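Here's the letter readout for the chains.
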Amino acid sequence: MKKIQKGEKEEKIKMTKKQIGVKKAAKKNQKARNQKKENNQNQNQNQNENILKKISEQITKKLKIETAPKHIEEIISAVKTTDNFWQVVSISQKPIPVVAEATKILKDAGFIKFEDGKIKTTEKIDQDFKYIPPFPSNLICSSCEGRGVNIKNIGIYEKFYEIQKTRPKPIQKYDQGNITPESTVARIALMLKRGDVSNKKIIVLGDDDLVGIALGLTGLPADVLVLDIDERLIDFTNRVAKDNNLKVRAEVFDLRKPLPKEFKSKFDVFVTDPPEAKKAFKIFLQKGIWTLKDKGSAGYIGMTLIDSSLAKWRELQKIIIDSGATITDIIRSFNKYETWDYHENTVAWKIAPVKSPQDNIWYSSCMVRIEMVKPPKAQNLVLKDKDIYVDTESTTT
């Protein structure tokens, strides 16, 4: 009996050892499979990184516009979100030449295709760049559209909306493009929020957006002066100011010329949307800073990522800092532009690889607020270049 029990015990031990061996082998095989899967994932990731790096380097070399793999990811995210080329530009917020070249390269590599003015994604882009999601537009506040201000609470929107209906139409000669009335009023709301309106002397350098009129409607500034080369805008602004008893005056002035000497250190705040060609930007910006009184004075500048790369932004920011100012606010896509009639006459249209319709607002600029932390250090120079609007990145003129 004892022998039988001993034999059974030995058999059980053998079975247990066998089971342990099977489990160890299974565990080892699973580990090998996991390692293989991880290796494949790493290999795919390395391949994707190499593709993105190669595309970005190719664009940088060809266009002389600094482009990073991250920028290509953002363009891929955009094409996964919309089939309209201009909306891809809007979502990715990259210079149009970069988006145009990137989409051409992606098409040649089989990641996307062009059909009837639309960008279509292929299975290849979903497989190889599965980790890049569509743009999360649902994260943007639908009430303020990401601006962080409530335009209805300052009491001028309805009045301004009616006034702007009869504004002069934008013309290509002056690189004009109207921001939406909501964007103009949002600027005033931001300025109020930052304490830059009440009892302030404000100069507006170029004003096809009617910022001067909107400021006047608040009844809060001590003085508003608008300068613009377009006589139509000046006549319109002065007529509206007179009809509504606003503290706003407008004068025809070519901002390529030096400002009158009496404007030096006279204003608390300036507002401008300068051309983004580097030399023109510097001269326009410094004119604004030249008019400011002292430390604590502020400037509001419209700057795009669609006509300026981040590398150019770095240079433009250096101009701001060297002038004695610091940047206090940058709000992306703050100013949204209505579509303009001369779009198909621009460089942007010519270089677009797919001619998508302009069926919705797509062009926007950031709202940049600067504040003087040192006494203003700026020059009031003449801009000699005839063509102040176009460089390798600025293409919407």
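Because the structure is a prediction, the values reported are computed rather than measured. (Residues numbered from 1 in each chain as written. Predicted model: local features only at pLDDT ≥ 70, side-chain atom pairs only at ≥ 80, totals over all residues. Heavy atoms only, no water.)

Chemist: Explain the packing of aromatic side chains residue by residue, including any values.
Modeler: By the definition in use, this model includes 12 aromatic pairs. A centroid spacing of 4.9 Å and a plane angle of 40° characterise the contact between Trp86 and Trp362, whose relative ring orientation is tilted. With Trp86 in helix H3 (residues 85–92) and Trp362 in the loop between helix H12 (347–351) and strand S9 (364–372), this pair connects stretches of sequence that are 276 residues apart. Like Trp86, the residue Trp362 is buried in the burial classification. Measuring from centroid to centroid gives 5.9 Å for Trp340 and Trp362, while their planes differ by 40°, and the two rings are tilted. With a gap of 22 residues between them, Trp340 in the loop between strand S8 (325–336) and H12 and Trp362 in the loop between H12 and S9 connect regions that are remote in the sequence. Looking at Trp362, the relative accessible area reads 2%, which means it is buried. Its guanidinium or amino end placed over the ring of Phe334, Arg147 lies 5.8 Å from that ring's centre, counting from NZ or CZ. The ring of Trp349 has Lys355 lying over it, and the distance from NZ or CZ to the ring centre is 5.4 Å. (Phe/Tyr/Trp six-rings, centres within 6.5 Å; stacked < 30°, edge-to-face > 60°. Helix = DSSP H or I, 4+ residues; strand = E, 2+ residues; numbered from the N terminus. Buried < 20%, exposed > 50% of the residue type's maximum accessible area, 1.4 Å probe, protein only. Lys NZ or Arg CZ within 6 Å of the ring centre and 35° of its normal.)

Chemist: Which residues make up the pattern of salt bridges, and what values do they have?
Modeler: Counted according to the given criterion, the structure contains 19 salt bridges. A salt bridge links Asp128 to Lys124; the shortest N-O distance between them is 3.6 Å. On the criterion of helical spacing, the pair formed by Asp128 and Lys124 is a turn pair, its members being 4 residues apart in helix H5 (residues 123–128). Residue classification places Asp128 among the partly exposed residues on the basis of a relative accessible area of 25%. Classification of Lys124 by relative accessible area gives partly exposed; the value is 34%. When the shortest N-O distance is used, the salt bridge between Asp254 and Arg256 registers 2.9 Å. (Salt bridge = Lys/Arg side-chain N within 4 Å of Asp/Glu carboxyl O.)

Chemist: With reference to specific residues and values, describe the sheet that holds strand S4 (residues 223–228).
Modeler: Pairing in this open sheet of 7 strands is mixed, and the strands run S5-S4-S3-S6-S7-S9-S8 from one edge to the other. Pairing within the sheet leaves two strands with one partner each, and these edge strands are strand S5 (248–252) and S8. For this sheet the average axis-to-axis angle between neighbouring strands, irrespective of direction, equals 15°. Relative to S5, S4 is paired through 5 bridges, and the arrangement is parallel. Looking at S5, one finds that Val226 is bridged to Ala250. Here helix H10 (residues 278–290) sits on the sheet and contacts strand S3 (201–205), strand S6 (269–272), strand S7 (298–303) and S9; the angle it forms with S6, its principal contact strand, is near 155°. Against the sheet, helix H11 (residues 310–322) contacts S7, S8 and S9, and its axis sits at roughly 135° relative to S8. (Pairing = 2+ DSSP bridges. Axes fitted to C-alpha atoms, helices over the stretch in contact; angles between N-to-C directions. Contact = heavy atoms within 4.5 Å.)

Chemist: Give a detailed account of helix H4 (residues 96–108), specifying residues and quantitative values.
Modeler: With 13 residues, H4 extends 18 Å from end C-alpha to end C-alpha; this agrees with the ideal 18 Å at 1.5 Å per step. Here H4 lies mainly inside the structure; 10 of its 13 residues are buried. Buried within H4 are the following residues: Ile96, Pro97, Val98, Val99, Ala100, Glu101, Ala102, Thr103, Ile105 and Leu106. In the segment just after H4, Gly110 is the residue with positive phi, at about 85°. (Expected span 1.5 Å × (residues − 1).)

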